[in-house]
Amino acid sequence: MTLVKTWLDQWPVFRQLTGSDPLGRGQAARSRKTEGITSRTATADRVVKSICPYCAVGCGQRVFVKDEQIVQIEGDPDSPISRGRLCPKGSASKQLVTSPTRVTTVKYRRPYGTEWEDLALDEAMEMIADRVLAAREKGWQDVDGDQRVNRTMGLASLGGATLDNEENYLMKKLYSAMGAIQIENQARI
């Protein structure tokens with residue numbers, strides 16, 4: 001009889017019907033195994049606020065970090081945009097940053113090359129800076145007719161839909177400082 005009583009006490013339906021949890025959403029649904037489980041978010045060292053990288057909505061995310069590794073990404077309930085909710089892509093964004101197949105090096109294919117090669121980030125950034133400066137110089141105009149313009153026609157910017165207002169503001173300042181006049185954002189097109 002004791003064996004049956006022990007077995008019944010372990011059965012969630014019996015605890016639900018005889019205990020103080022008739023809906024089975026609290027203590028009645030918990031097992032010994034459940035009692036020993038700790039969520040990934042509870043053991044995180046810190047929580048970093050971020051923005052979902054996928055679309056232009058700008059949903060807030062809370063990134064849980066333990067030992068400098070991302071352990072969970074959830075919606076940020078403090079975000080006035082998403083109020084803690086994420087779409088399926090945003091909910092799966094942990095895979096974007098922790099996937100073993102994620103490319104973490106700069107891939108470069110030389111002109112007329114047939115193979116991609118890995119470059120160090122510093123080398124790639126230097127190459128980009130050199131090319132930006134060369135394009136700026138090549139397309140520079142001091143005057144247009146008798147009008148002083150001080151501009152370059154060698155650079156343009158088209159911002160993407162995932163950029164927020166602050167990023168667009170900084171891009172506008174950067175490209176204007178370099179003399180570019182073709183500065184646009186996808187949100188207005």
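Residues numbered from 1 in each chain as written. Predicted model: local features only at pLDDT ≥ 70, side-chain atom pairs only at ≥ 80, totals over all residues. Heavy atoms only, no water.

Participant: Is there a simple way to explain the overall build of the protein in this structure?
Facilitator: Of regular secondary structure, the protein possesses seven helices and eight strands. Taking 2.2 N^0.38 as the reference for a compact globule, 189 residues should give roughly 16 Å; the C-alpha atoms of the protein span a radius of gyration of 28 Å, well beyond that estimate. By residue count, 19% of the 189 residues in the protein fall in the buried class. Long-range pairs, those at least 24 residues apart, make up 30% of the contacts in the protein with a sequence separation of at least 6. (Helix = DSSP H or I, 4+ residues; strand = E, 2+ residues; numbered from the N terminus. Rg over C-alpha atoms; globule rule 2.2 N^0.38 Å. Buried < 20%, exposed > 50% of the residue type's maximum accessible area, 1.4 Å probe, protein only. Contact = heavy atoms within 4.5 Å.)

Participant: Please explain the sheet that holds strand β2 (residues 60-66) as it appears in this structure.
Facilitator: Neighbouring strands of a sheet are bound in pairs by backbone hydrogen bonds; such pairs are parallel or else antiparallel. As summarised here, the arrangement of the three strands in space is β1-β2-β3, forming an open sheet in which the pairing is antiparallel. The sheet terminates laterally at β1 (46-51) and β3 (69-75), the two strands that pair on one side only. Pairwise comparison of adjacent strand axes, ignoring direction, gives a mean angle of 30° for this sheet. Where β2 and β3 come together, six bridges link them in antiparallel fashion. In the strand pairing of β3, glutamine 61 is matched with glycine 75. (Pairing = 2+ DSSP bridges. Axes fitted to C-alpha atoms, helices over the stretch in contact; angles between N-to-C directions.)

Participant: What is the right way to read a nonpolar patch on the surface from this model?
Facilitator: On the surface, Trp11, Val13 and Leu17 cluster together to form a nonpolar patch covering roughly 310 Å² of accessible area. Within the secondary structure layout, valine 13 lies in helix α2 (residues 12-18). Take valine 13: its relative accessible area is 35%, and that puts it in the partly exposed class. (Patch = residues over 30% accessible without salt bridge, like charges linked within 9 Å, V, L, I, M, F, W, Y side chains within 5 Å. Areas by Shrake-Rupley, 256 points an atom, 1.4 Å probe, with all protein chains shown as cover. Salt bridge = Lys/Arg side-chain N within 4 Å of Asp/Glu carboxyl O.)

Participant: Would you explain the pattern of salt bridges in this entry?
Facilitator: Note on pairing: side chains with opposite charge can pair once their charged atoms come close. The final tally for this structure, using the stated rule, is seven salt bridges. One salt bridge in this structure joins glutamate 68 and arginine 46, with 2.8 Å as the shortest N-O distance. One end of the pair, glutamate 68, is in the loop between β2 and β3; the other, arginine 46, is in strand β1, and 22 residues separate them in sequence. Residue class for arginine 46 comes out partly exposed when judged on its relative accessible area of 38%. Taking the shortest distance from any N to any O, the salt bridge between aspartate 118 and lysine 107 comes out at 2.8 Å. Residue aspartate 118 is found in strand β5 (residues 117-119), and its partner lysine 107 is found in strand β4 (residues 106-108); the two are separated by 11 residues along the sequence.

Participant: I tried to follow the packing of aromatic side chains on my own but got confused; where do I start?
Facilitator: The relative placement of two aromatic rings is captured by the distance of their centres and the angle of their planes. This model, assessed by the stated rule, comprises zero aromatic pairs. Above the face of the tryptophan 116 ring, arginine 109 is positioned so that its terminal group lies 5.6 Å from the ring centre. (Phe/Tyr/Trp six-rings, centres within 6.5 Å; stacked < 30°, edge-to-face > 60°. Lys NZ or Arg CZ within 6 Å of the ring centre and 35° of its normal.)

Participant: How should the domain arrangement of the protein be read in this particular structure?
Facilitator: By a widespread convention, an interface's size corresponds to the accessible area lost as its parts come together. Domain annotation of the protein identifies domain 1 (3-36), domain 2 (46-98) and domain 3 (120-188). Relative placement of domain 1 and domain 3: their C-alpha centres are 65 Å apart. (Domains from an automatic or database assignment.)

Participant: When you look at the sheet that holds strand β6 (residues 140-144) in this model, what are you seeing that I'm missing?
Facilitator: An order of β6-β7-β8 is seen for the three strands of this open sheet, with the pairing classed as mixed. Edge positions in the open sheet fall to β6 and β8 (180-185), since each of these has one partner strand only. Neighbour-to-neighbour, the strand axes of this sheet turn through a mean angle of 35°, independent of strand direction. In this structure, strand β7 (residues 147-159) lies alongside β8, joined through five bridges in parallel fashion. Bridged to glycine 159 within β8 is asparagine 185. Together, β6 and β7 form the strand contacts of helix α6 (residues 121-138), whose direction differs from that of β7 by roughly 140°.

Participant: Please explain the confidence of the model for the protein as it appears in this structure.
Facilitator: Interpretation of the predicted coordinates at a detailed level should be avoided for regions scoring low in pLDDT. When the pLDDT values of the protein are averaged, the result is 87; 95% of them are 70 or greater. Here helix α1 (residues 2-10) stands out as the element of the protein with the lowest mean pLDDT, 69, in contrast to α6, whose mean of 95 is the highest. (pLDDT = per-residue confidence, 0-100.)

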